[in-house]
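Fold and contact review
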Amino acid sequence: MKNRMVAPTRTLHLTLVIALVSSLLSFGANPAIAVADGTVACSGGGSFTISGTVVTGNTDCVGSAVVPEGVTALGNSFYNSALNSITLPSTLVIIGDSALRETQLVSVVIPASVTSIGFLSLASRGLTSVTFGAGSQLSTIGGYAFQSTKFSSITIPESVTSIASTAFQVNTDLISIV
């Protein structure tokens, strides 16, 4: 009788240990969001490519693009495209060099999760508005990041610790940096 009780008890203990370890490992962590490699269509034609969790390029992306949740970085992805609207995911951490350079964007909302804006990343002559998400974690703004943009003011998040001296180069409309 004693032996029959031992096996179910051990199984129960093992199940409880596994559940406890599993909950401790996931405590406070965001679950990973899977992103499929491949292409995503833009609203007016063309597409952009995702490899791993990085948007790596586009094929004549026109109109608007919705970057899916799970993407953590924009590489040199929408450079010189006819993109006029973009929705960035809450999982985005890096806006890489030239990522949104020379697009048709007029405004952009940078998610709070972004920590770095790279070299020439938002250098676009038509850009008139940049908004940072509440609770922004942005720490670095790279060289020429906002070169030739047309906004008259920008509010930099308090979390920023480094701004390249050339970040706002050739911004003749810029009056106020808060």
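Below, the structure is looked at part by part. Being a predicted model, the structure only gives us computed values, none of them experimental. (Residues numbered from 1 in each chain as written. Predicted model: local features only at pLDDT ≥ 70, side-chain atom pairs only at ≥ 80, totals over all residues. Heavy atoms only, no water.)

**Here we look at the packing of aromatic side chains**
Applicable threshold: For this analysis, a ring pair means two rings from Phe, Tyr or Trp (six-membered ring only for Trp) whose centres lie within 6.5 Å, classed as stacked if their planes differ by under 30 degrees, edge-to-face if by over 60, and tilted for the remaining angles. Put simply, DSSP H or I for four residues or longer makes a helix, DSSP E for two residues or longer makes a strand, and each gets a number counted from the N terminus.
Applying the stated rule across the entire model yields 4 aromatic pairs. Consider the rings of Phe-119 and Tyr-144, whose centres lie 5.7 Å apart with planes at 85 degrees: the pair is edge-to-face. With Phe-119 in the loop between strand 9 (116-117) and strand 10 (129-132) and Tyr-144 in the loop between strand 11 (140-141) and strand 12 (153-154), the pair connects residues that are 25 residues apart, well separated along the chain. Three or more aromatic residues joined by ring pairs form one cluster here, namely Phe-146, Phe-151 and Phe-168.

**Regarding the state of the cysteines**
Two cysteines whose sulfur atoms are joined by a covalent bond form what is called a disulfide. Selection criterion: In what follows, a disulfide is any cysteine sulfur pair within 2.5 Å. Think of it in three bands: with a 1.4 Å probe and only protein chains considered, a residue is buried below 20% of the maximum accessible area for its type, exposed above 50%, and partly exposed in between.
For the structure shown, the criterion picks out 1 disulfide. Between the sulfur of Cys-42 and that of Cys-61 lies a disulfide, 1.9 Å long from S to S. An S-S torsion of about -100 degrees defines the bridge between Cys-42 and Cys-61 as left-handed. Remark: Cys-61 occurs in the loop between strand 3 (54-59) and strand 4 (62-66) and Cys-42 occurs in the loop between strand 1 (38-41) and strand 2 (47-51); sequence separation between them is 19 residues. Side by side, Cys-42 and Cys-61 carry an identical accessibility label, which is buried.

**Some words on the side chain of Ser-113**
The criterion, for reference: Contacts described as polar in this section are N or O atom pairs within 3.5 Å, which, within protein, must combine one atom able to donate a hydrogen with one able to accept it, while residues neighboring in sequence count only if both atoms come from side chains. Only heavy atoms enter the contact rule, under which two residues are in contact if any of them lie within 4.5 Å.
Along the chain, the position of Ser-113 falls in the loop between strand 8 (107-110) and strand 9. At 2.5 Å, the side chain of Ser-113 and the backbone oxygen of Leu-92 are in polar contact. When sequence neighbours within four positions are dropped, the list of residues in contact with Ser-113 reads Pro-89, Ser-90, Thr-91, Leu-92, Val-93 and Gln-137.

**Comments concerning the pattern of salt bridges**
Here is the rule we go by: Any Lys or Arg side-chain nitrogen located within 4 Å of an Asp or Glu carboxyl oxygen qualifies as a salt bridge.
Enumeration over the complete set of coordinates arrives at 1 salt bridge. Residue Glu-102 pairs with Arg-125 through a salt bridge whose shortest N-O separation is 2.8 Å. A residue pair is termed long-range when its members are at least 10 positions apart, and Glu-102 in the loop between strand 7 (94-95) and strand 8 and Arg-125 in the loop between strand 9 and strand 10 qualify at 23 residues.

**Considerations on the sheet that holds strand 11**
Let me state the cut-off plainly: Paired strands, in this sense, are two strands between which DSSP finds at least two bridges.
With mixed pairing, 8 strands are arranged side by side in an open sheet as 1-2-3-5-7-9-11-13. Lying at the two open borders of the sheet, with one neighbouring strand each, are strand 1 and strand 13 (162-163). When strand 7 meets strand 9, the two strands line up parallel, connected through 2 bridges. Considered in strand 9, the bridge of Ile-95 is made with Ile-117.

Shape descriptors only; they carry no functional weight alone.
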